[in-house]
Amino acid sequence: MIIQVKNLVKRYGDLVALDHLSFNVKEGEIVGLLGPNGSGKSTAIHCILSLLKYDKGDIEIFGKKMTPDAYDVKRDIGLVMQNVAVFDELTVYENINYFCGLYVRDRAERKRLVDEAIAFVELEAFKKFYPKKLSGGLLRRLNIACGIAHKPKLIILDEPTVAVDPQSRNKILEGIEHLNAQGATIVYTSHYMEEVEQICSRIVIIDKGRVIASGTKEELKAMITLGEKITVEVFTIEEDQLRVLREQPGIMSVDYVSKQLIIKSDKGNNNLEIVLEFLKANHIGFGRIYSELPTLNDVFLEITGKQLRD
Amino acid sequence: MPVFNLCLKIIRKNWISISIYLAIFLVISVLLSTNSAPKETHNFSQEKAKLVFISKDHTPLTEGFRKELAKSATFVKIPDNTEKLQDALFFRQATYILRIPKGFTENVLNGGSMQLEKTIVPNSAENAYVDLSVNQYWRLAKLYAKHEPQLSEKQLADKLSANFSHNTPIEMKAQIRAKTDQGFSMYYFNFLAYTLSAVLILGISTVMIVFNKNDLRRRNFCSPVHASSINSQMILANLLFAAISWVILVGFCFIFDSKNIMTPNMIYFLLNSAVFTLCISCISYLIGNLLGNLRNMSAVCNVVTLGPCFISGVFVPQQFLGETILKIARFTPTYWYVQANDEISQLTRFTWTDLSPVFYNIAVLIGFSLAFLALSLVVGKRKRLTDR
Ligand SMILES: Nc1ncnc2c1ncn2[C@@H]1O[C@H](COP(=O)(O)OP(=O)(O)O)[C@@H](O)[C@H]1O
Ligand SMILES: [Mg+2]
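As the structure is a prediction and not an experimental result, all values here were calculated from the model.

## Description of the sheet that holds strand β3 (residues 96–100) of chain B
Residues and elements named next belong to chain B. The mixed open sheet is built from four strands, whose spatial order is β2-β1-β3-β4. On the outer flanks of this sheet lie β2 (73–75) and β4 (117–120), each paired with one strand and no other. The mean angle between the axes of side-by-side strands here comes to 30 degrees, regardless of whether they run parallel or antiparallel. Pairing geometry for strand β1 (residues 49–55) and β3, over five bridges, is parallel. Bridging across to β3, Ile54 finds its partner in Arg99. Relative to the sheet, helix α4 (residues 82–90) contacts β1, β3 and β4, its axis offset from that of β3 by approximately 145 degrees. Where helix α6 (residues 127–147) meets the sheet, it contacts β1, β2, β3 and β4, and its direction lies at approximately 20 degrees from that of β3.

Pasting the structure below:
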């Protein structure tokens, strides 16, 4: 077990930021901590790394109790913080070299690692740049390079793609998968379900400081009753007809918003057929039809009654 | 030592603003020291009051008194007319007008008051000698008259003049002081308290503000470098910066006061200021640690370390400051630093007895430094784990 968190409680004054949070991370996994803004992801990371006092809970990393003085444990951890944490006074190269230097003493070895990290985030052309001169996406990549240059066994990334252009984002996600392939265990926090779905082997969904569900994405989707979401372009439909449609077998809910008929059905096979037959039978004209399988957002919605992103 | 190197890099990145500070303070301190230093200390005893001597009492004693006064004052002749006398004072033709009323001698010899009428220009030091002479002469006259009542006034006058024929002790003391020509150095080193505070605070707070940014602090503390090692590397870098600033500032004293480089007093000035530098760095480091993420930290630092300069006699000599102010000032290292400087500037002999007050003050400074250092280590360790 790489990380073991048991009943972690953290209060900020009256606010309970973490409420008996428990989860595990096994070697070789990419675990996604998914939750909306303010759900306590960053707080959890800071507590796990002993950067923040917490009120209650047991935290073990690499099988050892984590404390502020657990320097042996810290040696094998790489942290990429949510806010870019680099020195404005240092260039790109110097920044990575500084942070790598906190872990690796040997100069030659360090130089190799720093060059590798720069190549990894593709900042070769910006080595001599100061952070102030970098765009948001490049700055994020620098932030990542500073966290991973020393080749840690465990890498924790706290929303590394916030405010990043799609191209940089994809690079970052590929990079994380690459690091994982090289043997690093990864904890990745985000409020973007697409990212988490794309790269994480296991997902822990957090809301209000509590774990509300965890498992692989298939397991999570299997947990909920929603089977399929069907959207049909419909130009006119009567209120009566909607009511009748709602009473069809297998249909969970029907909404009609801005000429879109949104139908949620439970796990059956011929939901789409039922809907189409109903429309034809009632002589309702329709345009395009989409059918979607449930997303993590639906999982979140069904458990908490609210959207993942407000 | 990554943290140490980083601190130096941060300081180097800000060297322009730091050197502007240094330059401005250097100019100010040289100007101030040059102006404040007593210019002709060795002429001190020759400075004479310009005295208008008006006697309505003509006795052998008043005559003897006049002769005696001539030693410590220059006589000026101004007609005895209120308006003329006032003009003379106003235009500094005279600094002291002394009037002996009729029957004064008799009155004194019979044990009466020695009150003479005097009008003086305020705040002129040379008048003090006239006052002293007046006091001494007539007190002695009184004494003789009491114990040897058989003496005539003439005999009394002779005896007194014999008595005063050798140098007065006051003059000798003044000469001792005059020999130590440490005026410039003393003012420069006193003012150094201000300059050093300003420059060190600027430099050290620049570093501390960067390191105490919440994210960077956390980032550093999640690395395997021991918290104590991070702390000591920062302290070391700050001390190196302090030492360099000290060398530069002291170097300028050498340039402007080159004739005093070789005096033994200089060694103690240097020692004192070095210890004070240490002390100020420790305070700045402590404040930096306490208020690290405050944006206007340097403003707070300025108040905390420059305030003491005002109450400890850096700008105004300690003897002009009120008793209460000095009592408060004792709680600041600056007070002890200035005290030591004053002591050092008056040293002419360097025996253990002469030096012990100096060492006492320096020891207090060292005590302050250790206390501040210990405090900042405690604070630094505690800040590793935050509540928020
Ligand atoms: N320093 C702090 N002081 C007080 N409350 C805080 C602090 N940091 C975070 N919080 C609160 O704790 C909750 C969790 O925040 P955070 O861990 O940053 O969430 P996330 O990273 O999931 O967006 C939020 O409600 C936030 O307002
Ligand atoms: Mg966060």
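## Quick look at the pairing of strand β7 (residues 154–158) of chain A
Residue and element names in this part refer to chain A. Burial analysis of β7 places five of its five residues in the buried class, the great majority of the element. Across the two faces of β7 the burial is the same, with Leu154, Ile156 and Asp158 and Ile155 and Leu157 all buried. Two elements, strand β6 (residues 77–80) and β7, share four bridges in a ladder whose sense is parallel. Counted as the bridge partner of Val80 is Leu157 from β7. Two elements, β7 and strand β8 (residues 185–190), share five bridges in a ladder whose sense is parallel.

## Focus: the UniProt feature "domain: ABC transporter" (unreviewed entry) in chain A
According to UniProt, the feature "domain: ABC transporter" (unreviewed entry) maps to residues 3–233 of chain A in the numbering used here. Helix makes up 34% of residues 3–233 of chain A and strand makes up 30%, while its end C-alpha atoms are separated by 48 Å.

Criteria and cut-off values
Residues numbered from 1 in each chain as written. Chains lettered and ligands numbered in written order. Predicted model: local features only at pLDDT ≥ 70, side-chain atom pairs only at ≥ 80, totals over all residues. Heavy atoms only, no water. Pairing = 2+ DSSP bridges. Helix = DSSP H or I, 4+ residues; strand = E, 2+ residues; numbered from the N terminus. Axes fitted to C-alpha atoms, helices over the stretch in contact; angles between N-to-C directions. Contact = heavy atoms within 4.5 Å. Buried < 20%, exposed > 50% of the residue type's maximum accessible area, 1.4 Å probe, protein only. UniProt positions renumbered as here; feature names shortened; annotations may be inferred.

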